[in-house]
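In case you want the letters, here they are:
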Amino acid sequence: MKRIVTGRLLVAAVTSGSLALGAVACSSQSTPSQGSSSAAAQQKTVGIVDLVESDPLNVEVIKGVQAAAKARGWAVKVFDANGNADAANSAFRTYASDKVNMILDLAFPVTSVGAGLTAARAANIPVGGWGTGLAPGVLMTTVDDVGLPSAKAVLGAMGGPQGKGSVLALFYTGGQVCRERQAIFQQVMKTAPGVNVQIQDLTLPGETTEGSQFTTAWLARYPRGSGNLAVWGCWDSPMYGAVAALRQQGRTDVRTFSINGSPQAIQDVKAGLLTHELWENGYQEGQAVFNTTLAGIQAKQAGKPWTPKVLSVPGIAVTKENVDAFLAANHQ
């Protein structure tokens, strides 16, 4: 097992059904052949179906896949479905027709890409997932551990289970990651019956604009002095709009919470515009997704059993108190 340092947060090899990303990336790297037409003809390809490439975390995941694939001599194709499940299914079918060697689904729920998965299985193309759930033909996926600490932070800001206040929660039900975070958030907030939670589902594209619009409308219902107030975003893009709305109205009485840890979000924490941010290392998550899916392919080719894997994705809470140390450690 080679130790390959891929960044500041290292990724753990997956050897059983459900493991966390942690300390080491286990992967035997091969040097791609160069300069021959036969090598080019034999080059393998991974096709990525991405939920929304405008999201910084998705971009980092793609970069991680590209780095891991390059180390193996694989080519990478990327399709940005921009939140459209029909487009994602079409991309699956195109990849199946092109006979790529691996398909990676980034954040589309497996229930939304059933037709695409059927096409992949028919073409005998293995599939890996990032925040997708498992289904026949999917060798691995991830599930993040950031939703719970984020929801608990909101609960704490409201005063705990006995607290009172109002929260605007911005979701996107078209993505599996947000679905899971939403379920956790609602479960946690149900423990505080005195907290009023307004759930607002968003659309893609346009989530930043909608984040601003819905926050503005919500603020009109809760002027200063309305008690504990907070806006929570399932991911960073809608929170850019929410923060802009708060700044426009000079509302410093509303706490703000978000997930993913984009550079802009981290800078908003430093500026005091975001109260609490959960950061993920998407680059190394992408590496883990590719390497784990490849491990499953190799196991099957060798006639060895393979149990679909679930990687647990950790996060780092960033607040005003630790943002400078975080930036220094992560060179952002």
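Okay, so let's go over this structure. (Residues numbered from 1 in each chain as written. Predicted model: local features only at pLDDT ≥ 70, side-chain atom pairs only at ≥ 80, totals over all residues. Heavy atoms only, no water.)

1. A short note on the side chain of T142
Applicable threshold: Secondary structure counts use DSSP, requiring at least four H or I residues in a row for a helix and at least two E residues in a row for a strand, with both numbered from the N terminus. Residues adjacent in sequence count toward polar contacts only when both atoms are side-chain atoms; beyond that, a polar contact is any pair of N or O atoms within 3.5 Å, and within protein one must be able to donate a hydrogen and the other to accept it. Contacts: residue pairs with any heavy atoms within 4.5 Å of one another.
Locating T142 in the fold gives a position in strand β6 (residues 138–144). A polar contact of 2.8 Å, which involves the side chain of T142, links it to the backbone nitrogen of G131. Beyond its immediate sequence surroundings of up to four residues, T142 is in contact with G129, W130, G131, T132, V289, L311 and V313.

2. Examining the environment of V138
The topology assignment puts V138 in strand β6. V138 sits 171 residues away from K309 along the chain, and the two C-alpha atoms are 9.1 Å apart. Discounting chain neighbours no more than four positions away, the residues touching V138 are V110, L117, V127, G129, G133 and P308.

3. A short note on the pairing of strand β11 (residues 276–279)
Selection criterion: Accessibility here uses a 1.4 Å probe with only protein chains present; expressed as a share of the type maximum, an area under 20% marks a residue as buried, one over 50% as exposed, and anything in between as partly exposed. Orient the strands so they point away from the viewer, and a crossover whose first-strand-to-second-strand path over the helix runs clockwise is right-handed. For two strands to be treated as a pair, DSSP must find no fewer than two bridges joining them.
The side-chain alternation of β11 yields two buried faces, one formed by H276 and L278 and the other by E277 and W279. Handedness of the crossover joining strand β10 (residues 254–260) and β11 through helix α9 (residues 263–270) is recorded here as right-handed. Across three bridges, β11 lies against strand β13 (residues 316–318) in antiparallel orientation. Across the sheet, W279 pairs through a bridge with I316, a residue of β13.

4. Focus on the sheet that holds β11
Note the threshold: Angles here are taken between N-to-C directions and fall from 0 to 180 degrees, while the axes themselves are lines fitted to C-alpha atoms, restricted in helices to the stretch in contact.
Ordered by their spatial adjacency, six strands build an open sheet running β8-β7-β9-β10-β11-β13, and the pairing between neighbours is mixed. Lying at the two open borders of the sheet, with one neighbouring strand each, are β8 (195–201) and β13. For this sheet, the mean angle separating the axes of adjacent strands, direction not counted, is 15°. By the bridge criterion, five bridges tie strand β7 (residues 165–171) to strand β9 (residues 229–233) in an arrangement that is parallel. Of the residues in β9, the one forming a bridge with L168 is V231. The strands that helix α7 (residues 207–221) touches are β7, β8, β9 and β10; relative to β7, the one it contacts most, it runs at about 165°.

5. Comments concerning the pairing of β7
Among the seven residues of β7, seven are classified as buried, and the element is accordingly described as predominantly covered. Two strands pair when backbone bridges link them, and β7 and β8 are joined in this way by seven bridges, in the parallel orientation. Residue pairing in the sheet places L170 in a bridge with Q200 of β8. Following the backbone out of β7, through helix α6 (residues 176–189) and into the adjacent parallel β8, one traces a crossover that is right-handed.

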